[in-house]
Amino acid sequence: MRTVKAAAILAVGTLTLGLAACGGSGNDEAASGQTESTGGDNYVLAYGTEPQNPLIPGNTNETGGGRIIDEIFSGLVYYDTEGKIHNDLAESIDLEGDTLYKVTLKDGVKWQDGTPVTANDFVDAWNYIVANSLLGESFFESIKGYDPEGVPTLEGLNVIDDKTFTIELSQPEADFPTRLGYSAFFPMHPSAFEDIDAYGENPISNGPYKLAEWNHNQDATIVPNEEYAGDKKPQNDGVTFVFYAQQDAAYADLLAGNLDVLDAIPDSAFASYETELGDRAVNQPSAIFQSFTIPENLEHFNGEEGQLRRQAISMAIDRDEITKTIFQGTRTPATDFTSPVIPGHSDSLNGAEVLEYNPEEAKRLWAEADKIKPFTGEFSLSYNADGGHQAWVDAVANSIRNTLGIDAVGNAYPDFKSLRDDVTNRTIKGAFRTGWQADYPSLGNFLSPLYASNGGSNDGDYANPEVDNLLKEAAAAGDVEAATPIYNKVQEQLLKDLPAVPLWYANVNGGSSENVENVAFNWKSVPVYTQITKK
């Protein structure tokens, strides 16, 4: 038996960056502290987004709900500001043999109602996710007994006693313990399974904070959880996440002192925010990848015709010009489907020339596709208008239109939730904005959820058996070094198929008001809310 040691990591917590509704500095009751807290004088007003779904850890893959869930729940391990992994509720995670992990929980860990967190709370939550095909289901495919068609319980999960359970994998996977800090692996209180929707509206917490109030499309307030005994003790009276209709309004409130922390600077302020905020501005690398997805069922974009058109679209985009003009150097043109801060990243993959601006080759490829079937209609790129995306979407559409001579247009949704709802329900028409924040520091985390046939975030319904087989082979590799060339083979196939069109990597661009201190942004570009204090 050997104990799995905590390892340094560099990455992030999932999917897209978006914004939701309603301007202003938040609900008056929450702002004045009239919730179940010890008082609101030290409340932090933070930028947030309306969660797409109820607050169920295994059914959240967007940042609106994710940033709240990460504060009100705790898992077996957690990632610190620099991305290093530490035990949280786990006393130990021991590897016995090649595929069996024995998990022992710490003494005294409790839910906010004072009841103990048990091994069953983890196992029942994980089984529920798989049995009900929630959005986080694919994160459990490594566990013995997993079936993408669904199973009532996973054979590889077994409870020994209240503090101990085992996880048996179907094959060795060196980075499995690193994944356990991701929210899909959080436990749920036994009451969750009595009425999952009601639980999602008012979850019982076991993390640093608990949910005090959620005013849909306006704000949500979290306050310290008195039963929490872990390392991430809040240094404030709570956090109110304020939902804005536009990033410009949020930035104006930040400058006016009506918002304390903002992690999404509008493009209109890229050239000035570092001067205006001074040492309160943040511009640092992060594991964020931006793309747009072209669904497999979209007319003209499947089969041989579709492969030619996807490559033509990609080569019609002047990424260098857009990142310089629109983003003022806060983005870097993509050379792959991952991030430069992830171990194993490559900027010299075979086929990466498809990500370079080449108008003549783009026209040639488009003409080849027209020989198969002439293009009709328009090429639309959908985005959420409240997320500060209009400028770059318009620039991308203009670049495609000017190069290929087709009707390429941006299609604005009013808010992030409505965009994601149509994406999730497969009712969206045309291409749509996508992106990824790493859950853990692996090339596979950028690839398997998005491009495996059963990937939980495979929003374009891409399916390629060769890619699936390579992803399984890479996951079974003995270490990161052995997995890297296999993952890069996956990427070289993706560069041919282009289920999504890579655009650029993002820095975290944010800032804080003069009203707060101890503001830091973590490895996944999110403010470390527990550390922030009011002056």
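Residues numbered from 1 in each chain as written. Predicted model: local features only at pLDDT ≥ 70, side-chain atom pairs only at ≥ 80, totals over all residues. Heavy atoms only, no water.

S.K.: Can you tell me about the UniProt feature "domain: Solute-binding protein family" (unreviewed entry) in the protein chain, naming the residues and giving the values?
M.R.: In this structure's numbering, the residues bearing the UniProt feature "domain: Solute-binding protein family" (unreviewed entry) are residues 84-457. Within the segment residues 84-457, helix and strand shares are 28% and 22% respectively, and the terminal C-alpha atoms sit 25 Å apart. (UniProt positions renumbered as here; feature names shortened; annotations may be inferred. Helix = DSSP H or I, 4+ residues; strand = E, 2+ residues; numbered from the N terminus.)

S.K.: How would you explain the packing of aromatic side chains if you had to name every residue and give the values?
M.R.: Taken as a whole and assessed by the stated rule, the structure comprises 24 aromatic pairs. Centre to centre, the rings of Trp126 and Phe185 are 5.4 Å apart; their planes meet at 85 degrees, and the pair counts as edge-to-face. Of the two residues, Trp126 is situated in helix α3 (residues 119-131) and Phe185 in the loop between α4 (176-179) and α5 (196-201); the sequence distance between them amounts to 59 residues. Phe185 shares its class with Trp126; the two are buried. Members of the aromatic cluster, joined through ring pairs, are Tyr101, Phe122, Trp126, Phe140, Phe165, Phe176 and Phe185. Taking NZ or CZ as reference, Arg309 lies 4.5 Å from the ring centre of Trp366, over its face. (Phe/Tyr/Trp six-rings, centres within 6.5 Å; stacked < 30°, edge-to-face > 60°. Buried < 20%, exposed > 50% of the residue type's maximum accessible area, 1.4 Å probe, protein only. Lys NZ or Arg CZ within 6 Å of the ring centre and 35° of its normal.)

S.K.: Explain the packing of helix α13 (residues 443-451) against helix α15 (residues 480-497) to me, using residue names and the numbers behind them.
M.R.: Where α13 meets α15, the closest approach of the two axes is 10 Å, and the angle between their N-to-C directions is 45 degrees. Judged by the inter-axis angle, α13 sits oblique to α15. Between α13 and α15 lies a crossing of left-handed hand. Between α13 and α15, the contacting residues are Leu443, Gly444, Leu447 and Tyr451 on the first element and Thr484, Tyr487, Asn488, Val490, Gln491 and Leu494 on the second. Taken together, the residues of the contact of α13 with α15 sort by class into six nonpolar, four polar and no charged. (Axes fitted to C-alpha atoms, helices over the stretch in contact; angles between N-to-C directions. Parallel < 35°, antiparallel > 145°, perpendicular 65-115°, else oblique. Left-handed = near helix turned anticlockwise from the far one by under 90°. Contact = heavy atoms within 4.5 Å. Nonpolar A, V, L, I, M, F, W, Y, C, P; charged D, E, K, R; others polar.)

S.K.: Which residues make up the pattern of salt bridges, and what are the values?
M.R.: Counted under the stated rule, the structure contains 18 salt bridges. Where Glu173 meets Arg179, a salt bridge forms, and the shortest distance between an N and an O atom there is 2.6 Å. Overall, Glu173 belongs to the buried group, its relative accessible area being 6%. Assessed through its relative accessible area of 7%, Arg179 is described here as buried. With a shortest N-O distance of 3.8 Å, Glu514 and Arg280 are connected by a salt bridge. Placement of the pair is Glu514 in the loop between β18 (500-512) and β19 (516-517) and Arg280 in the loop between α7 (273-277) and β13 (281-293), with a sequence separation of 234 residues. (Salt bridge = Lys/Arg side-chain N within 4 Å of Asp/Glu carboxyl O.)

S.K.: Residue-level account of helix α10 (residues 359-372), with values.
M.R.: In this model α10 runs 20 Å from its N-terminal to its C-terminal C-alpha over 14 residues, within 8% of the 20 Å that 1.5 Å per residue would give. Among the residues making up α10, those that are buried are Ala362, Leu365, Trp366 and Ala369. The buried residues of α10 occupy one face: seen down the axis, they fall within an arc of 100 degrees. Opposite the buried face of α10, at more than 90 degrees from it, the exposed residues are Glu360 and Lys371. In this fold, the buried residues of α10 make contact with α8 (303-315) and α11 (390-404). (Expected span 1.5 Å × (residues − 1). Arc of directions from axis to C-beta.)

S.K.: So what about the nonpolar core? Which residues, and what values?
M.R.: Grouped together as the largest cluster of nonpolar side chains are 83 residues, with contacts concentrated most on Phe292, Trp392 and Ile400. Sorting elements by how many residues they give to this core places α11 first, with seven residues. Setting aside residues no more than four positions away along its own chain, Ile400 makes contact with Ile313, Ala316, Ile317, Phe379, Gly405, Ile406 and Ala408. Core analysis: the second largest hydrophobic core is formed by 70 residues, Phe140, Phe165, Leu169 and Phe186 among them. (Core = buried A, V, L, I, M, F, W, Y, C linked by side-chain atoms within 4.5 Å.)

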